Amino acid sequence: MREIVVISGKGGTGKTSLTAAFAHLAENKVICDLDVDAPDLHLLLAPGPLRTEQFFSGHEAIINPDLCTGCGICASMCRYEAIAPVSLADRNVCQVVPTRCEGCSVCVAFCPEQAIAFPSRHCGTWYHSDTRFGPMIHAQLFPGQENSGLLVSRLKKEARNLAQAQNLDLILCDGAPGIGCPVIASLSQTDLAVVVTEPTPSGVHDLERVTGLCDHFRTKVAVIINKYDLNPEHTARIDALCAQKGYALLAHLPHDEQVTQAMVQRQAVTEGPDSALTTGVRQAWHTITQFLG
Amino acid sequence: MIIAVASGKGGTGKTTVTASLAVTWPQPVLAVDLDVEEPNLHLFLQPEILTTEPVTLEVPEVNEDLCTYCRKCAELCQFKAISVMGQVIMTFPEMCHGCGGCMAICPEHAITPGARELGVMEVGLSRGHIHCLTGRLRIGEAMSPPLMRHVRSHMRAQSAQHGYDVLVDAPPGVSCPAMTAVADADVIVLVTEPTPFGFHDFALAWEAFAPYAKPMGVVINRAGLGDTRVYDFCAQHNLPVLTEIPYRRDIAEHYSHGRILAERDDQMRQQFTALGQSIRQMAQEADHA
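Residues numbered from 1 in each chain as written. Chains lettered and ligands numbered in written order. Predicted model: local features only at pLDDT ≥ 70, side-chain atom pairs only at ≥ 80, totals over all residues. Heavy atoms only, no water.

Before going further, it helps to spend a moment on the overall build of chain A. Within chain A one finds 10 helices and 13 strands. By its C-alpha atoms, chain A is 70 × 45 × 35 Å across when sized along the principal axes. Among the 293 residues that make up chain A, the fraction classed as buried is 58%. Look at the contacts in chain A between residues 6 or more apart in sequence, and 76% of them connect residues 24 or more apart. (Helix = DSSP H or I, 4+ residues; strand = E, 2+ residues; numbered from the N terminus. Buried < 20%, exposed > 50% of the residue type's maximum accessible area, 1.4 Å probe, protein only. Contact = heavy atoms within 4.5 Å.)

In structure tokens, the structure reads:
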């Protein structure tokens, strides 16, 4: 079984549009959206959920105002500024700001009144769905939850189980922007990171950081330059970077409104009319399949 | 006054808007990049870097001579950063969230603060009058919130001390880092594009930030592309569309050279000056309400 994750560092370079096209072109695969914070792949693939599961991770502190004496020990020990005093009718008590609580349990352990409950935290929902391109695993984290990578790891595990059960040999993942925990989690056991960039200062800067991360974890990198014709100088810089670092350069894709038009029609760009863009995408996919062997 | 420029979806133009506001904002102003995983604001403002300060997280270091292997630390730790097996105690500093619980609970005072490098904070100056603050996560470091906390506390102190208005370039998304970046703000500016992805993530961001009950306004980038649902949503939810940036190839090329949109021509400069005025007016109206 092979695993590919499409990432970019910088957001908005075309990860999801390309993943959708690859999902159209690939055979025998499980599609997986690992951007659990702001997922978009479902907008193109219109998944119909077969199974819906709640995702719980970690805990959150909740102070019982009836037991709280307002001593403030919890607030003074909390390193996340997650506890603030509030006034009740007759006295002051402490209250947890849920979006700031890290679930560390320090307040729970040190409350002299044992007034702090510590239930599991309901962080989001994940789905096993069916799409016109095959099975899909995806999720939605609730707003403000810690994007810890645990949900990403869970989705990857579910995708592997599904691939094994249905005898599929590829897991195709749309990744998250950035270089933090969710991206690190998405690289685990990945055979190839397809990095989508654009020839702009931000695109190049973020490419260098995200490929640095891939090198750090010894994940193989292949690069696609999207909108390559916007700025030939930066495109040349990216070409040179790939040559120097030994990253495979999969394609130079032109800046084309066809990507947005396909998005508006809820299609992968390769489902529409042939163009220089779609030819480039097909060639890139062909090269990826050769890489994976 | 703190203004957070946020988006939901990445790549909609947060940094373009933040940089353009910074160069047209009345002095003194502090431009802060809280997208610590992929900070880009400095690529446009190109500040002269005055100081670079390493930022660390307090992680446990165990003095085994004092440890009695009572396991209290391991039982407290929610992040599997410290574990005791028989007469062996091990720490996993990369798992640590820096809560300090193990140090506080150890009856033998056997745990002392060590440090994990999270990244750096850079202080700089652009164009002689735009103060700049950037958090830059170390490559391989998983946790951005503690670095963001450090940058935010520096930001609040600077703003209070010097009376700076603050422009925050927020990370994308609506999870903890993005929410943290907008939590300090007096006004939230949501940057979106009228595409299905842009609209979907914009609606997520609105849903996430609305409970803060802060004044929110919208900048529509790449106007003319896609469909009209962002406009319909704004009308339905009484969200003011503060300005629109047209979808034009020459604007994309200008950006691709690392140039600031407000410095492109007089019309753009006036447009972002007016955007700044609308934002300040929103803050004042909220103050008086």
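On we go from here.
Each helix and strand in chain B was counted, giving 10 helices and 11 strands. Once the C-alpha set of chain B is aligned to its principal axes, its extents read approximately 70 × 40 × 40 Å. A total of 289 residues make up chain B; the buried ones form 58% of that total. Taking contacts inside chain B between residues at least 6 apart in sequence as the whole, the part at least 24 apart equals 72%. Total accessible area on chain B is roughly 11200 Å²; 50% of this is exposed by carbon and sulfur atoms. In chain B, 21 side chains carry a positive charge and 33 a negative one; their mean positions are 3 Å apart. (Areas by Shrake-Rupley, 256 points an atom, 1.4 Å probe, with all protein chains shown as cover. Lys, Arg positive; Asp, Glu negative; His and termini not counted. Charge placed at Lys NZ, Arg CZ, Asp CG, Glu CD.)

Once that is clear, we can look at the sheet that holds strand S8 (residues 120-131) of chain A. Residues and elements named next belong to chain A. On the basis of which strands lie adjacent, the open sheet formed by nine strands has the order S3-S8-S9-S2-S10-S1-S11-S12-S13 and mixed pairing. The open sheet has two edge strands, strand S3 (48-59) and strand S13 (248-253), and neither has a second partner. Shown here is a sheet whose adjacent strand axes are inclined to one another by a mean of 20 degrees, direction ignored. With four bridges joining them, strand S1 (residues 2-7) and strand S11 (residues 192-197) adopt parallel strand pairing. Note on S11: the bridge partner recorded for Ile4 is Leu192. The strands touched by helix H8 (residues 232-245) are S11, strand S12 (221-226) and S13; relative to S12, the strand with the most contacts, the crossing angle is about 170 degrees. On top of the sheet, helix H10 (residues 276-292) reaches S1, strand S10 (170-174), S11, S12 and S13; it is set at about 165 degrees to S13, its chief contact. (Pairing = 2+ DSSP bridges. Axes fitted to C-alpha atoms, helices over the stretch in contact; angles between N-to-C directions.)

A few words on the packing of aromatic side chains. Residue and element names in this part refer to chain B. Counted under the stated rule, the structure contains five aromatic pairs over all chains. Each ring, one from Phe44 and one from Tyr255, has its centre 5.3 Å from the other, and the planes form 20 degrees; the classification is stacked. Here the residue Phe44 occupies a position in helix H2 (residues 41-45), and Tyr255 occupies one in helix H9 (residues 249-256), the gap between them amounting to 211 residues. You can call Tyr255 buried: its relative accessible area is 18%. An angle of 85 degrees between the planes, with centres 5.4 Å apart, marks the rings of Trp206 and Phe233 as edge-to-face. In this pair, Trp206 sits in helix H7 (residues 196-209) while Phe233 sits in helix H8 (residues 229-236), placing the two residues 27 residues apart along the sequence. (Phe/Tyr/Trp six-rings, centres within 6.5 Å; stacked < 30°, edge-to-face > 60°.)

Bringing the domain arrangement of chain A into the picture now. Structurally, chain A comprises domain 1 (2-56 + 124-292) and domain 2 (61-118). Using C-alpha coordinates to define each centre, domain 1 of chain A is positioned 41 Å away from domain 2 of chain A. (Domains from an automatic or database assignment.)

The next point concerns unusual backbone geometry. All names here are of chain B. The peptide bond linking Gln27 to Pro28 adopts the cis configuration, its omega dihedral lying at -10 degrees. Checked against the element boundaries, Pro28 lands in the loop between helix H1 (14-24) and strand S2 (29-33). For Arg71, which is not a glycine, the phi torsion comes out positive at approximately 75 degrees. Among the secondary structure elements, Arg71 is positioned in the loop between strand S3 (48-62) and helix H3 (72-76). Residue Asn238 is not a glycine yet carries a positive backbone phi of 50 degrees. Within the fold, Asn238 resides in the loop between H8 and strand S11 (241-246).

Turning next to the nonpolar core. Counting 88 residues, the largest nonpolar core has Ile7 and Leu155 of chain A together with Val32, Phe202 and Phe209 of chain B as its most contacted members. The element contributing the most residues to this core is H7 of chain B, with seven residues. Formed by 37 residues, the second largest nonpolar core is a distinct cluster that contains Val6, Leu192, Leu250 and Val269 of chain A. (Core = buried A, V, L, I, M, F, W, Y, C linked by side-chain atoms within 4.5 Å.)

With that out of the way, let us pick up the interface of chain A and chain B. Contact with chain A, which involves 64 residues of that partner, is made by 60 residues of chain B. Counting each side, the surface lost to burial between chain A and chain B is near 5000 Å², with a carbon and sulfur contribution of 57%. In terms of surface lost to chain B, no three residues of chain A exceed Arg79, Arg209 and Leu230 of chain A, which account for 12% of the buried area on that side. Taken together, the links from chain A to chain B amount to five salt bridges. Linking chain A to chain B there are 31 residue pairs in polar contact (both at pLDDT 80 or more). Broken down by class, the residue content of the side of chain A that touches chain B amounts to 25 nonpolar, 25 polar and 14 charged. (Buried area = accessible area lost by both parts, 1.4 Å probe. Salt bridge = Lys/Arg side-chain N within 4 Å of Asp/Glu carboxyl O. Polar contact = N/O pair within 3.5 Å; in protein donor to acceptor, adjacent residues only side chain to side chain. Nonpolar A, V, L, I, M, F, W, Y, C, P; charged D, E, K, R; others polar.)

Axis angle and axis distance: for two packed helices, these are the angle between their axes and the distance between the axes, and together they describe the pair. All names here are of chain B. Viewed as axis vectors pointing N to C, H7 and H8 meet at an angle of 25 degrees, and their least axial separation amounts to 9 Å. Taken together, the axes of H7 and H8 are roughly parallel relative to one another. Note on element contacts: H8 touches H7 through Arg229, Val230, Phe233 and Cys234, opposite Pro196, Phe199, Phe202, Ala203 and Trp206. Counted by class, the contact of H7 with H8 contains eight nonpolar, no polar and one charged residues. (Parallel < 35°, antiparallel > 145°, perpendicular 65-115°, else oblique.)

Take the state of the cysteines next. Residues and elements named next belong to chain B. Taken as a whole and judged by the stated rule, the model has zero disulfides over all chains. For Cys106, which is in no disulfide, the shortest distance to another cysteine sulfur is to Cys70 and amounts to 6.1 Å. Classification of Cys106 as buried rests on a relative accessible area of 12%. (Disulfide = S-S within 2.5 Å.)

Bringing the environment of Val96 of chain A into the picture now. All names here are of chain A. Residue placement: Val96 occurs in strand S6 (residues 92-96). In the structure, Val96 is positioned 175 residues away from Glu271 in sequence and 50 Å away in space, judged by C-alpha atoms. Among all residues touching Val96, those that are not within four sequence positions of it are Ala61, Ile63, Ala82, Ile83 and Cys101.

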